Amino acid sequence: MAPPFIFPQTLTSLEEDDDSDYTRLTVHNLFPISSLRPSELEEFVKGLSFDLSDKELFCVEEQEIFDRVYSLVKGFATLSPGCKFNLVESLRSNLSVLLPNVDSLSRSRGSLSRDGGNDESAERDDEQLGLDRVASHRNSLKIYSFFLVHIVLIEESSSSGANNATKVVASSRKILPVNSWNWQAQRGKILNLIANSLEINLSLLFGSCDPDENYLSFIVKNAFVLFENALLLKDSDTKDALCRIIGSCATKYHYTAQSCASILHLIHKYDFAVTHLADAVAGAEKKYADGSMATSLIRDIGRANPKSYVKDTVGAENIGRFLIELADRLPKLISTNIGLLVPHFGGESYKIRNALVGVLGKLIAKAFNDVEGEVSSKSIRLRTKQAMLEILLERCRDVSAYTRSRVLQVWSELCEEHSISIGLWNEVAAVASGRLEDKSALVRKSALNLLIMMLQHNPFGPQLRAASFEATLEQYKKKLNELSPNCPPENSDSLLSDNDVSGEVSGVEDEEIEEASKNQDSFTDSCLPHVDNETHQVDNTVPDVGNVEQTRTLVASLKSGLRFSKCMSSIMPTLVQLMASSSSSDVENSILLLMRCRQFQIDEAEDCLRKMLPLVFSQDKSIYEAVENAFITIYIRKNPVETARNLLNLAIDSNIGDLAALEFILGALVSKGDITASMLSALWDFFCFNISGTTAQQSRGALSVLCMAAKSSPSILSSHLQDIVDIGFGRWAKVETLLARTACLALHRLSEEDKKKLLSTSGNRVFGILEHLVCSFSLPENIWYAAADRAIAALFSIHPTPESIGANLVKRSLKSVFDSGEESEVQTDMDSGSSNVLTTVQVAKLSRYLFVVSHVAMNQLVNIETCVRKIQKEKAKKEKMAAENKNLDENTASDAQKDEGINSELGIAASEDAMLDNLAERAEKEIVSGGHAGKNLIGHCAPFLSKLCRNFSVMQKYPALHASGMLALCRLMIIDAEFCESNLQLLFTVVENAPSETVRSNCTIALGDLAVRFPNLLEPWTENMYARLRDQSVSVRKNAVLVLSHLILNDMMKVKGYINEMAIRLEDEDERISNLARLFFHELSKKGSNPIYNLLPDILGKLSCQNLEGESFCNIMQFLIGSIKKDKQMESLVDKLCNRFTGVSDIKQWEYISYCLSQLSFTEKSMKRLMESFKSYEHVLSEDIVMDHFRTIINKAKKFAKPELKSNIEEYEEKMNKCHNEKKEQVVTEKNAQAHQLKVDNMGSFMEAKEEVEESGDSEITQGNGTDEDEDEEEEEEEEEETVEDPKNVHSNSKPKPKPAKSRTSSDEASEVTELESGDSEVQSSNLHLRDATKSRIKKSVARSQNTYSETSSRRTTRSKRR
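Source: prediction; values computed, not measured.

Caption draft 1: Molecular detail of the overall build of the chain. Within the chain, the secondary structure is distributed over 64 helices and two strands. Counting only residues that meet the buried cut, the chain has 48% of its 1363 residues in that class. Taking the intrachain contacts of the chain between residues at least 6 apart in sequence as the baseline, contacts between residues at least 24 apart amount to 74%. Of the accessible surface of the chain, which amounts to about 67,400 Å², a share of 49% is contributed by carbon and sulfur atoms.

This is the structure we're talking about:
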């Protein structure tokens, strides 16, 4: 019998001699494999394979075969593929045959024990024979397993080395020979065979239920070694075999502790092994119905110190993933052991908390689905589930944004899996709506996605209008009262209490509620038409849903649905704010949620969606695409008529900003082809009233949409020119007054070909219509200005000689205001300053006349610029054609070159451009100032307009005329520089003092246009332009912010020293203005190298001197400093701010500067600069607030500092604390010295007064004075003792005790008490410099001393008379 085989530590350990008394199977004769030739080696392997297959399975324990197998396994890496294949096949086939023999051996031994005879010796022989056979089987199993496992280890190590050296190129697929070497297949077969060997009954071989410890240790250790190879785990056969090996050893053979330790080690170290290890644990539990390994792992994880996961972030993340995978595979087992993991919710590692949140989500979704079991166990499970739900709700307020986001994601998963009960639905919705205002964009994104998911999977129906629910709820309440007339009304909300679990257990199940709610869907939908039109006429007959309990359940479901609908409606203002967020994810997800709300007919969702239109101007491509996709989804339909109706309704209901956005997006859609010809045809049908039921308003909306589309493709309007004239200016224009204005816009948008076509067919008619529109009073006052604006623009666009038609407009408008021959009279009255001039004209007509004059002048300026551009374009076109036509003969080419050279030398080309510019300048000047022959038509009106606007009494009497007059004045100023310069003073006077905020707003906007047109003229008035930011009117301040933002961001105005006014608007009381100011500084920070960096010190200095609240100052500076991102700029700011300490003596400014320093993002360099500048701010460290700000800086620096810098920071902190204490003591000492000097001065004055009294008075008075003197000296000594004992109390008393003065000198040199800003008092001598004291306080102090002196003198005189 061969000696037993004992697993060695390593493969080569088998060659070592065993010195112990215990014999074991070792290698005696090592064959030199490396010295054999390939043919000899192949014969050697074949011989071994023949012996293994020919002899018994136990032959491997024979010494000679054992030595040969060992030699080949040791040199396995050097074998040829054929030799490897033969050796592995021989060992594997023998082991595969050996395994069934173990079961047959156990059966044969059982039969022998039953059939035993009387021959005891025979029985002993058979028993011995059986023991020997068992030992041989055991030895063979160990040997085969040992060598096969080592073959796997050797081949894997060699293959991994080869893969690291060179990347193997995938070869084309070929049919491999049967005996070819395919290691991947062989590896899977070997490991599966090892796994099979562990799954048979090994108790007979090892004499107990558990195999040899040495054997299990070897198998498990190497299995975990193989688990460290990521490539190996990609093979499903290999991975499954390793999982079976680990599961069998840990569960079947109770090798749990060691296996769990190895599993946790792998989880912490290798992230790729997490999923596969979870498969191994779950597979073991499923195969053996024993969750001991999973329980042990959870126990070990739960016992771990939560602080250990703070530093080991990778391990924490892997542990979290493992727990989630385990909960997904073994939900019931984890749910019974979840209590071991709950304490980790209090740990600092947010990754562990994220994982536990995910685990709870998996358990809620999967662990409580079964309905089997008793009522008591079911109640326990429901309570456990409710506790988990409460933990999830609580974790929504976690300190970490990552955890809050993860919780909301888990709720989304539960919602998608229909694992949220109706009773809890509204509570989750309330939490999600609250998280929309979270400070983290990640949390807001998760909250938006959760609400989208809740809408998509809501149990209340496809339509969630609150009116529908209220109507249906009232009906079923009546039905419930009819069914239970004798029962008192119960609060049905209690049936769906969010925290009441017993209600669910007692019989009202979620399934019943959901089923009832599904039945309710149709009821709600059936009431929708009634609710839309006449809510009060809802049909009282409702379907019967069953008995009282079912009806009560349905009522509770309807109440929950109504509450959910109102919750979604309440978040609409928040969604509008999120659409203005700087985070693109907020904008995109808000749009998606609003689209979902619109789909479910949530109240106000449609109105909120329209507010997304201005986002098409966003520079963020993702936001623009989100808006465009939403627009197409909402408004573009397959049915052209429906699409046309959607677009025209949108155009009718939109404001000016939305119309501009709509025009932009429609132009893009027309260019892309998303707006088809059939949709345009449907719009024309609406405009032409070809669709029944079309109103004049819809016709106007259709034409408006067509005008928007025509901006991108002018040919759209060419097919209906006559319809535009007939309908736009016909009888329907009287019904819809804005229709004429839209028709004018359509004429203005015509292409050049269409304009010529229109002129040839009905030009005179169109001109007459437009002139009548401008000069008549057919339109209301509020409509006429907008219509006249478009009409004049259309005339100048299509008329061949626009200046003549413009002159006619001015003359006709003037004639409508004044009777013939009265113009000179009015002018004379204006020259004389008479205020009765307007008694002969109507204010409305004069206002319209001024509008027409100014607008004609403005369009004439635009016409001149258009003509200049046309000439320049024609010139460039000719030059381009001349450059292309160079295929002439050489002589002609040479002559042309000579001509070009002469022209260039003479500067003819440049002179042509100069001549064109000169002509354009003269033409522009003639509009207002006139030419050589005198003033023209508009030039005659300009002085009249200027004098009219200077007549403030008339302007205040007629506000409408004031607005129209100033608007006209501003337009003329924009046209002519001389007129602008002469009226600038008037304009700024009006913009500052006009009582009407409309006038001030218009003038503020005009200032922006003037600054663009004449920047040199407006530059001296820059301060006055910034002063508009302090206007009392919100409208004026908003326009001022917009104008200045436009000028500065487009480099039309330099950032002067008044930018602090714009910074103050960051804290404006109006949120719109505050947001505009923030947007301005945000955009300004993107220009160049961030101008805010250069402006910050100036802003700081000016804000410090203004009367700003401390909180407002801090908010402003925090925002501005937050826009500086570069480290170099931060480092430079440290130096600049530290240097400002030296030139400032105000304590308030010290606090502000130190606050700004504390808001900087410090780096190692900036921290070193701060420490190097210690001398510059050493003197300010006496103030506690300043010191707190520096401590904030130190705490920030300690978080990122390396050990070397950290030690320097600690030294710097000690130095600063020492300086702070010394400075405070120095301040206290100075105040004590001042107090002592004050008392000495008072004592000198007292002694002088005493001497005077002694000379003039008698001995009794002297004695009395001596008594008083002793009392005064005692009081002074007591006060001095109090001051010395407690120097801190120097500031405690603002008024010292009055002392009797003996002469007028003492009152003149009396002590002066000044109150500091902190509430303390500072006592100073009269001959010292007074700091922070006011004259009024000094006068009060002197008066107090004089009163004391007079009272003392009168008292002494009275006493002397009595004596």
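Caption draft 2: Representation of the side chain of Ser-197 within the structure. Here Ser-197 shows up in helix α5 (residues 183-199). A distance of 2.5 Å separates a polar side-chain atom of Ser-197 from the backbone oxygen of Ile-194. Beyond its immediate stretch of four places on either side in the chain, Ser-197 contacts Leu-99, Leu-141, Leu-202 and Tyr-215.

Caption draft 3: Region of interest: the nonpolar core. By size, the foremost hydrophobic cluster in this structure holds 383 residues, and its most contacted members are Trp-411, Phe-631, Leu-1170 and Phe-1190. Setting aside its immediate chain neighbours within four residues, Phe-631 contacts Met-612, Leu-613, Ile-636, Leu-647, Leu-650, Leu-662, Ile-665, Leu-666 and Leu-669.

Caption draft 4: Empty space enclosed by the protein, seen in detail. This model, assessed by the stated rule, comprises seven cavities of 30 Å³ or more. Here the second largest cavity defines a volume of roughly 60 Å³. In terms of lining, the second largest cavity is formed by Val-149, Leu-191, Ile-194, Ile-219, Asn-222, Ala-223, Leu-226, Leu-242 and Ile-245. Examining the composition of the lining of the second largest cavity, we find that four residues originate from one element, helix α7 (residues 213-227), more than from any other. In the lining of the second largest cavity, the residues fall into eight nonpolar, one polar and no charged.

Caption draft 5: Structural context of the packing of aromatic side chains. Taken as a whole, this structure holds 32 aromatic pairs when the rule is applied. Aromatic side chains Phe-7 and Tyr-215 sit 5.7 Å apart centroid to centroid with 40 degrees between the ring planes, which places their arrangement in the tilted category. On the criterion of sequence distance, the pair formed by Phe-7 in the segment before α1 (38-54) and Tyr-215 in helix α7 is long-range, its members being 208 residues apart. Of the two residues, Phe-7 and Tyr-215, neither departs from the other in class, the shared state being buried. Seen in terms of ring centroids, Phe-146 and Phe-147 are 5.5 Å apart; in terms of plane orientation they differ by 65 degrees. Their pairing is edge-to-face. Of the aromatic side chains, those joined through ring pairs into one cluster are Phe-5, Phe-7, Phe-66, Phe-146, Phe-147, Tyr-215 and Phe-218. For Arg-68, the ring lying beneath its charged end belongs to Phe-44, and the centroid distance is 5.7 Å. Cation over ring: Arg-1078 sits above Phe-1119, and NZ or CZ is 4.8 Å from the ring centre.

Caption draft 6: Broad picture of the layout of surface pockets. One number sums up the size of the largest pocket: a volume of about 2,200 Å³. Every residue lining the largest pocket is counted, 41 residues in all, and those nearest its centre are Met-579, Ala-580, Leu-615, Arg-1072 and Leu-1079. At the level of elements, α26 (572-578), α51 (1034-1049) and α53 (1071-1084) are the ones that each hand at least two residues to the lining of the largest pocket. Top contributing element to the lining of the largest pocket by residue count: α53, with nine residues. Broken down by class, the residue content of the lining of the largest pocket amounts to 18 nonpolar, 11 polar and 12 charged.

Caption draft 7: Main features of the side chain of Ser-13. Mapped onto the secondary structure, Ser-13 falls in the segment before α1. By relative accessible area, Ser-13 is classed as buried at 12%. Only 2.7 Å separates the side chain of Ser-13 from the side chain of Thr-10, close enough to count as a polar contact. Setting aside residues up to four positions removed in sequence, Ser-13 forms contacts with Pro-8 and Arg-24.

Caption draft 8: Examining helix α34 (residues 721-728) more closely. Within α34 the residues assigned to the buried category are Leu-721, Ile-724, Val-725, Ile-727 and Gly-728. Where α34 is buried, its residues touch α32 (677-687), α33 (696-712), α35 (732-735), α36 (738-748) and α37 (752-775).

Caption draft 9: Region of interest: the environment of Glu-1183. Note that Glu-1183 resides in the loop between α59 (1174-1177) and α60 (1184-1200). The class of Glu-1183 is partly exposed, set by a relative accessible area of 22%. Sequence-distant contacts of Glu-1183, defined by excluding residues within four places in its chain, comprise Ile-1147, Trp-1150 and His-1220.

Caption draft 10: Focus on helix α39 (residues 802-817). When the terminal C-alpha atoms of α39 are compared, their 23 Å separation across 16 residues agrees well with the 22 Å that a helix rising 1.5 Å per residue should span. Along α39, the positions that sit buried rather than exposed are Pro-802, Ile-805, Gly-806, Leu-809, Val-810, Ser-813, Leu-814 and Val-817.

Caption draft 11: Fine view of the packing of helix α12 (residues 292-303) against helix α14 (residues 313-329). Here α12 crosses α14 at 145 degrees, and the two axes come no closer than 12 Å. For the crossing formed where α12 meets α14, the hand is left-handed. Taken together, the residues of α14 that come into contact with α12 (itself represented by Ala-294, Leu-297, Ile-298 and Ile-301) are Ile-319, Phe-322, Leu-323 and Leu-326. Taken together, the residues that form the contact of α12 with α14 break down as eight nonpolar, no polar and no charged.

Caption draft 12: Fine view of a positive patch on the surface. Taken together, the side chains of Lys-1126, Lys-1128, Lys-1165 and Lys-1168 define a basic patch exposed on the protein surface. Structurally, Lys-1168 can be placed in helix α58 (residues 1164-1172).

Caption draft 13: Region of the structure containing the pattern of salt bridges. For the structure shown, the criterion picks out 51 salt bridges. Measuring nitrogen to oxygen at the nearest pair gives 3.6 Å for the salt bridge that ties Lys-46 to Glu-42. Of this pair, Lys-46 and Glu-42 both sit in helix α1, four residues apart, roughly one helical turn. Lys-46 gets classed as partly exposed once you look at its relative accessible area, which sits at 42%. Several salt bridges converge on common partners, so that one network encompasses Lys-239, Asp-240, Asp-279, Glu-325 and Arg-329.

Caption draft 14: How the structure looks around a negative patch on the surface. Taken together, Glu-1248, Glu-1251, Glu-1252 and Glu-1254 make up a surface patch of like negative charges. Position of Glu-1251 relative to the elements: it lies in helix α61 (residues 1203-1256).

Caption draft 15: Structural context of the confidence of the model for the chain. Taken residue by residue, the chain gives an average pLDDT of 79. The fraction at 70 or more is 79%. For the chain, per-element mean pLDDT is lowest for strand β1 (residues 1312-1315), which scores 33, and highest for helix α20 (residues 441-456), which scores 95. In this model residues 488-540 is a low-confidence stretch, pLDDT under 50, and it forms 90 contacts with partners more than four residues away in sequence or in other chains. Segment residues 820-839 is flagged for pLDDT under 50; beyond a separation of four residues in sequence, or across chains, it makes 20 contacts in the model.

Caption draft 16: Up close: the environment of Asp-398. Looking at the secondary structure, you find Asp-398 in the loop between α17 (375-395) and α18 (401-416). Residue Asp-398 is classed as buried on the basis of its relative accessible area of 4%. Between the C-alpha atoms of Asp-398 and Phe-345, which are 53 residues apart in sequence, the distance is 9.6 Å. Ignoring anything within four residues of it in the chain, the contact list for Asp-398 reads Arg-353, Thr-403 and Arg-404.

Caption draft 17: Structural view of the environment of Thr-336. Assignment of secondary structure puts Thr-336 in helix α15 (residues 331-336). You can call Thr-336 exposed: its relative accessible area is 61%. Along the sequence, Thr-336 and Arg-381 sit 45 residues apart, while their C-alpha atoms lie 9.7 Å from each other. Within the structure, Thr-336 has its side chain in polar contact with the side chain of Asn-337 (distance 3.1 Å).

Caption draft 18: Quick look at the packing of helix α47 (residues 977-993) against helix α48 (residues 997-1013). Look at α47 against α48: their axes get within 9 Å of each other, and the N-to-C directions meet at 145 degrees. Along this stretch, α47 crosses α48, giving a crossing that reads as left-handed. Contacts from Cys-980, Leu-987, Phe-988, Val-990, Val-991 and Glu-992 of α47 reach α48 at Val-999, Arg-1000, Cys-1003, Thr-1004, Leu-1007 and Leu-1010. Of the residues in the contact of α47 with α48, the class split is nine nonpolar, one polar and two charged.

About the criteria used
- Residues numbered from 1 in each chain as written.
- Predicted model: local features only at pLDDT ≥ 70, side-chain atom pairs only at ≥ 80, totals over all residues.
- Heavy atoms only, no water.
- Helix = DSSP H or I, 4+ residues; strand = E, 2+ residues; numbered from the N terminus.
- Buried < 20%, exposed > 50% of the residue type's maximum accessible area, 1.4 Å probe, protein only.
- Contact = heavy atoms within 4.5 Å.
- Areas by Shrake-Rupley, 256 points an atom, 1.4 Å probe, with all protein chains shown as cover.
- Polar contact = N/O pair within 3.5 Å; in protein donor to acceptor, adjacent residues only side chain to side chain.
- Core = buried A, V, L, I, M, F, W, Y, C linked by side-chain atoms within 4.5 Å.
- 1 Å grid on protein atoms, 1.4 Å probe; cavity = no way out; pocket = protein on both sides within 12 Å on 5 of 7 lines; lining within 4 Å.
- Points joined across faces, edges and corners; volume = space filled by probe spheres on them.
- Nonpolar A, V, L, I, M, F, W, Y, C, P; charged D, E, K, R; others polar.
- Phe/Tyr/Trp six-rings, centres within 6.5 Å; stacked < 30°, edge-to-face > 60°.
- Lys NZ or Arg CZ within 6 Å of the ring centre and 35° of its normal.
- Expected span 1.5 Å × (residues − 1).
- Axes fitted to C-alpha atoms, helices over the stretch in contact; angles between N-to-C directions.
- Left-handed = near helix turned anticlockwise from the far one by under 90°.
- Patch = residues over 30% accessible without salt bridge, like charges linked within 9 Å, V, L, I, M, F, W, Y side chains within 5 Å.
- Salt bridge = Lys/Arg side-chain N within 4 Å of Asp/Glu carboxyl O.
- Lys, Arg positive; Asp, Glu negative; His and termini not counted.
- Charge placed at Lys NZ, Arg CZ, Asp CG, Glu CD.
- pLDDT = per-residue confidence, 0-100.

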